[in-house]
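Observations on the three-dimensional arrangement
As a plain string of letters, each chain reads:
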Amino acid sequence: TCALPISMDRGTLIHSILHEIYSTIARGESGIEIPRLWAVKTNAGWRRRNDGGTDALPLAVFIPELEEQYVKYARTIAEDRMSQAVLGHSGVWQAEREKVMEQVLNFVRHDAKTCAAERRFPALFELSFGGDTAVELGDLRLKGIIDRIDLIFAESGELERSEEHTSELQSP
């Protein structure tokens, strides 16, 4: 029998690859020529700015015309990460690598095509909560990880809303 990769291990790998891709894009470390933008808290609330500051959050900027550059960058990061991992039997891992790559590239392609039109900027990645920051619902204390928080700004630069992307919640 050949060992199949555990889906949680595959998910953890995908999350780590996406975290690296999106956080390096947000920090301006991807090598893709894109404008740098930040979310800055002001007295009037959160605003999108083109200059950072002490407590500024770097935003991942996606420009549809640069989709192939984002995909090429994502492929490079994913190949590097996957070359360091073997999930399950090595023969099975070869087929799994293709599935992992396609999932990663689908996320990046989607954001490259849609973020700009939606004025949506991925901003926070793999944000943990629990312990002192656990969410309490009656006797239930929730802990977990928010995979990603996107910030959506009005054309004026004011924050309209956020979108959370979560794949796991746990209760002790």
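Keep in mind it's a predicted model, so treat the numbers as computed, not measured.

A closer look at the overall build of the protein
The secondary structure content of the protein amounts to three helices and eight strands. Walking the protein from its N terminus toward its C terminus, one meets helices and strands in the order α-β-β-β-α-α-β-β-β-β-β. The burial tally for the protein puts 38% of its 172 residues in the buried class. A fraction of 59% describes how many contacts in the protein between residues 6 or more apart in sequence connect residues 24 or more apart. Taken as a whole, the protein presents about 10000 Å² of accessible surface, with 50% of it coming from carbon and sulfur.

Some remarks on the pattern of salt bridges
Counted under the stated rule, the structure contains 14 salt bridges. The salt bridge involving Arg120 is made with Asp150; its shortest N-O contact spans 2.9 Å. In this pair, Arg120 is assigned in strand β4 (residues 120–129) and Asp150 in strand β6 (residues 140–153), connecting sequence segments 30 residues apart. An identical accessibility class is assigned to Arg120 and Asp150; each is buried. A salt bridge links Arg148 to Asp150; the shortest N-O distance between them is 2.7 Å. The exposure class of Asp150 is buried, given its relative accessible area of 0%. One network of salt bridges, with partners in common, ties together Asp111, Glu118, Arg120, Arg148 and Asp150.

Brief notes about a nonpolar patch on the surface
A cluster of nonpolar side chains, contributed by Val135, Leu137 and Leu140, occupies part of the molecular surface with about 240 Å² of accessible area. Of note, Leu137 is situated in strand β5 (residues 135–137).

Things to note about the sheet that holds strand β3 (residues 57–59)
Taken in spatial order, the three strands of this open sheet run β2-β1-β3, and their pairing is antiparallel. Taken across any chain shown, the strands that pair with only one partner, and hence form the sheet edges, are β2 (45–49) and β3. Between one strand axis and the next, the sheet turns by 30° as a mean value, whatever way the strands run. Pairing analysis gives three bridges linking strand β1 (residues 37–42) to β3, with the strands arranged antiparallel. Within β3, the position partnered with Trp38 by the bridge is Pro58.

A look at the packing of helix α2 (residues 67–83) against helix α3 (residues 90–118)
As a packed pair, α2 and α3 sit with axes 9 Å apart at the nearest point and diverge in direction by 150°. It follows that α2 is roughly antiparallel to α3 by the angle criterion. Between α2 and α3 lies a crossing whose hand is right-handed. Contact residues: α2 offers Glu67, Tyr70, Val71, Ala74, Arg75, Ala78, Glu79, Met82 and Ser83, while α3 offers Trp93, Arg97, Val100, Met101, Val104, Leu105, Val108, Arg109, Ala112 and Lys113. Along the lines of polarity and charge, the residues of the contact of α2 with α3 split into twelve nonpolar, one polar and six charged.

A short note on the packing of aromatic side chains
This model, assessed by the stated rule, comprises four aromatic pairs. Centroid distance Tyr22 to Phe62: 5.5 Å. Interplanar angle 50°. Geometry classified as tilted. Of this pair, Tyr22 sits in helix α1 (residues 7–26) while Phe62 sits in the loop between β3 and α2, and the two are 40 residues apart along the sequence. As far as burial versus exposure is concerned, Tyr22 and Phe62 are alike and both buried. With 4.7 Å between their ring centres and 40° between their planes, Phe62 and Tyr70 make a pair best called tilted. Across the pair, exposure class does not vary: Phe62 and Tyr70 are buried alike. Aromatic rings pair up to connect Tyr22, Phe62, Tyr70 and Phe125 into one cluster. One residue, Arg148, lies across the ring of Tyr22, its end atom 4.9 Å from the ring centre.

Cut-offs applied
- Residues numbered from 1 in each chain as written.
- Predicted model: local features only at pLDDT ≥ 70, side-chain atom pairs only at ≥ 80, totals over all residues.
- Heavy atoms only, no water.
- Helix = DSSP H or I, 4+ residues; strand = E, 2+ residues; numbered from the N terminus.
- Buried < 20%, exposed > 50% of the residue type's maximum accessible area, 1.4 Å probe, protein only.
- Contact = heavy atoms within 4.5 Å.
- Areas by Shrake-Rupley, 256 points an atom, 1.4 Å probe, with all protein chains shown as cover.
- Salt bridge = Lys/Arg side-chain N within 4 Å of Asp/Glu carboxyl O.
- Patch = residues over 30% accessible without salt bridge, like charges linked within 9 Å, V, L, I, M, F, W, Y side chains within 5 Å.
- Pairing = 2+ DSSP bridges.
- Axes fitted to C-alpha atoms, helices over the stretch in contact; angles between N-to-C directions.
- Parallel < 35°, antiparallel > 145°, perpendicular 65-115°, else oblique.
- Left-handed = near helix turned anticlockwise from the far one by under 90°.
- Nonpolar A, V, L, I, M, F, W, Y, C, P; charged D, E, K, R; others polar.
- Phe/Tyr/Trp six-rings, centres within 6.5 Å; stacked < 30°, edge-to-face > 60°.
- Lys NZ or Arg CZ within 6 Å of the ring centre and 35° of its normal.

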